[in-house]
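Breakdown of the fold
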Amino acid sequence: RRDIVRVASGLRMIMLLEVVIGNVKETIIPMLLRMRKSKKKDSAKETLADQARREANLETPDELFGDYFELLRQFTQIVVFATAFPLGALLAALNNVLEVYSDTYKYLNNQKRVMPTRATRIGSWIFGFEILSILGIICNLGILVVERSGAQTPLASPDTTGELLFVFIAEHFLLAIRTAVQIHLGGVPKWILRDRFAEKERRNRGEKLD
């Protein structure tokens, strides 16, 4: 029991620190530095040439590896330890709402413009999320087994064979639901495929795209 409490306490501390430190590092500190630099500048109106030179000296945007890794780490904390710390999803949602505004400020004011590139998928990262979704089911059932002494469920039965059978059935039932949802929602939505096909047909006919 103390181990589960310790896990929940550690996750709560980590996620709160990520919310505070991440937003201070990405938004507050750059904002203060930008305000400090703007005070040192002459009050004269900035010309287009000055604006071009200033934007050219902005830092180059990072690769998306850091953003994807942050999402994968957050997904791990939410899914794998859901029964140990159920409020993790709420903290993650709060962090993501703040990330929308902090990233907007970062991309508009602190970094160079990024050239857009087309992508249909997120690459190999999807396999990491799929594996974690499976591990989440297994780990959460394992946590319930550890906590069975204080729960009024079939897991509290003194028959060890019955407990293992219950866990085995529950695990496969949840994995079956996960697989059914993945099959139903997996792949590219039909409306996107239709739009892509229509766009390709219009391009082949030489029509101007909107």
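Structure: see above.
Read on for an overview of the structure. Everything numeric here is computed off the predicted structure, so don't read it as measured data.

1. Quick word on the overall build of the protein
- Counting its regular elements, the protein contains seven helices and zero strands.
- Counting over 210 residues, the protein shows a buried share of 21%.
- Summing over all exposed atoms, the protein offers an accessible surface of approximately 16,000 Å²; the carbon and sulfur share of this is 66%.

2. Notes on the packing of aromatic side chains
- Here the structure, examined in full by the defined rule, presents four aromatic pairs.
- For the pair phenylalanine 65 and phenylalanine 69, a centre-to-centre distance of 6.2 Å together with 10° between the ring planes defines the contact as stacked. Highlighted residues: phenylalanine 65 and phenylalanine 69, both in helix H3 (residues 65-79), separated by four residues, approximately one helical turn.
- With centroids separated by 5.4 Å and ring planes inclined at 55°, the aromatic side chains of phenylalanine 65 and tryptophan 125 adopt a geometry described as tilted.

3. Quick notes on a nonpolar patch on the surface
- On the surface, a nonpolar cluster with roughly 900 Å² of combined accessible area is contributed by Met13, Leu17, Val20, Ile21, Val24, Ile28, Ile29, Leu32, Leu33 and Met35.
- Within the secondary structure layout, isoleucine 28 lies in helix H1 (residues 2-40).
- The exposure class of isoleucine 28 is partly exposed, given its relative accessible area of 41%.

4. Description of the packing of H3 against helix H5 (residues 125-146)
- Viewed as axis vectors pointing N to C, H3 and H5 meet at an angle of 15°, and their least axial separation amounts to 9 Å. When the axes of H3 and H5 are compared, the pair comes out roughly parallel. Taken as a pair, H3 and H5 cross one another with a handedness that is right-handed. Residues Phe65, Tyr68, Phe69, Leu71, Leu72, Phe75, Thr76 and Val79 of H3 touch H5, and the partners they reach there are Trp125, Gly128, Phe129, Leu132, Ser133, Gly136 and Asn140.
- By residue class, the composition of the contact of H3 with H5 is 10 nonpolar, five polar and no charged.

5. A closer look at the packing of H3 against helix H4 (residues 88-110)
- Running from amino to carboxyl end, H3 crosses H4 at an angle of 165°, the nearest separation of the two axes being 10 Å. Classified by the interaxial angle, the pair formed by H3 and H4 is roughly antiparallel. H4 is crossed by H3, and the crossing has right-handed handedness. Seen from H3, the contacting residues are Asp67, Glu70, Gln74 and Ile78; seen from H4, they are Gly88, Ala89, Ala92, Asn95, Asn96, Glu99 and Tyr107.
- Among the residues making up the contact of H3 with H4, the classes are represented as four nonpolar, four polar and three charged.

6. Some remarks on the nonpolar core
- Counting residues in each nonpolar core, the largest one holds six residues, listed as Ala8, Leu11, Met15, Phe85, Leu91 and Ala92.
- Of all elements in the fold, only H1 and H4 reach the threshold of two or more residues within this core.
- No other element matches the three residues that H1 contributes to this core.
- Not counting residues up to four positions away in its chain, the partners in contact with methionine 15 are Gln77, Phe85, Gly88, Leu91 and Ala92.
- With five residues, the next largest nonpolar core counts Val80, Trp125, Phe129 and Leu132 among its residues.

7. Structural notes on H3
- For H3, spanning 15 residues, the distance from its first C-alpha to its last is 21 Å, which sits close to the expected 21 Å at 1.5 Å a residue.
- Every buried residue of H3 is listed here: Leu72, Gln74, Gln77 and Val79.

8. So, the side chain of glutamate 99
- Note that glutamate 99 resides in helix H4.
- If near-sequence neighbours (up to four positions away) are discounted, glutamate 99 is found in contact with Asn23, Glu26, Glu70 and Thr104.

9. As for the environment of isoleucine 138
- For isoleucine 138, the position within the fold is in helix H5.
- Spatially, the C-alpha atoms of isoleucine 138 and valine 80 are 8.3 Å apart, while their sequence positions differ by 58 residues.

Rules used in this analysis
Residues numbered from 1 in each chain as written. Predicted model: local features only at pLDDT ≥ 70, side-chain atom pairs only at ≥ 80, totals over all residues. Heavy atoms only, no water. Helix = DSSP H or I, 4+ residues; strand = E, 2+ residues; numbered from the N terminus. Buried < 20%, exposed > 50% of the residue type's maximum accessible area, 1.4 Å probe, protein only. Areas by Shrake-Rupley, 256 points an atom, 1.4 Å probe, with all protein chains shown as cover. Phe/Tyr/Trp six-rings, centres within 6.5 Å; stacked < 30°, edge-to-face > 60°. Patch = residues over 30% accessible without salt bridge, like charges linked within 9 Å, V, L, I, M, F, W, Y side chains within 5 Å. Salt bridge = Lys/Arg side-chain N within 4 Å of Asp/Glu carboxyl O. Axes fitted to C-alpha atoms, helices over the stretch in contact; angles between N-to-C directions. Parallel < 35°, antiparallel > 145°, perpendicular 65-115°, else oblique. Left-handed = near helix turned anticlockwise from the far one by under 90°. Contact = heavy atoms within 4.5 Å. Nonpolar A, V, L, I, M, F, W, Y, C, P; charged D, E, K, R; others polar. Core = buried A, V, L, I, M, F, W, Y, C linked by side-chain atoms within 4.5 Å. Expected span 1.5 Å × (residues − 1).

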